[in-house]
Amino acid sequence: MSIAVAPEDPTHLGVLAKVVHEGPASKRIVTGYGFWIFLLSDIVMFSCFFAAYAVLSGQTAGGPTGRNYST
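Bear in mind the structure is a predicted one, so any value in this text is a computation, not a measurement.

Caption draft 1: Representation of a nonpolar patch on the surface. Together, Phe35, Trp36, Phe38, Leu39, Leu40 and Ile43 give the surface a local cluster of nonpolar side chains, amounting to about 630 Å² of exposed area. Relative to the assigned elements, Phe38 resides in helix H1 (residues 27–56).

What follows is the structure, encoded as structure tokens:
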């Protein structure tokens, strides 16, 4: 059993291969994606900072704590 594929369709997509792209995305679309990537990367970075603080805030390994410096 063989599947007949049109010779002008090298990716075997059938009807979807007829879609014509107009070129690169507009500046508005690229700027929007850049904004969301920046926002998500900041969320990840600050969540790591807060997690590190929450885990390490009481871990001084026997050294002086912040309470010792405040008096």
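That covers the picture; the talk isn't over yet.
Caption draft 2: Geometry of the packing of aromatic side chains. One pass over the full model with this rule turns up two aromatic pairs. Pairing Phe46 with Phe49 gives two aromatic rings, centres 5.7 Å apart and planes at 85°, and the pair type is edge-to-face. Taken together, the residues span about one helical turn, with Phe46 and Phe49 both in helix H1 at a distance of three residues. Taking relative accessible area as the criterion, Phe46 reaches 42% and is therefore assigned partly exposed.

Calculation notes
- Residues numbered from 1 in each chain as written.
- Predicted model: local features only at pLDDT ≥ 70, side-chain atom pairs only at ≥ 80, totals over all residues.
- Heavy atoms only, no water.
- Patch = residues over 30% accessible without salt bridge, like charges linked within 9 Å, V, L, I, M, F, W, Y side chains within 5 Å.
- Areas by Shrake-Rupley, 256 points an atom, 1.4 Å probe, with all protein chains shown as cover.
- Salt bridge = Lys/Arg side-chain N within 4 Å of Asp/Glu carboxyl O.
- Helix = DSSP H or I, 4+ residues; strand = E, 2+ residues; numbered from the N terminus.
- Phe/Tyr/Trp six-rings, centres within 6.5 Å; stacked < 30°, edge-to-face > 60°.
- Buried < 20%, exposed > 50% of the residue type's maximum accessible area, 1.4 Å probe, protein only.

As far as function goes, none of this settles anything; it's purely spatial.
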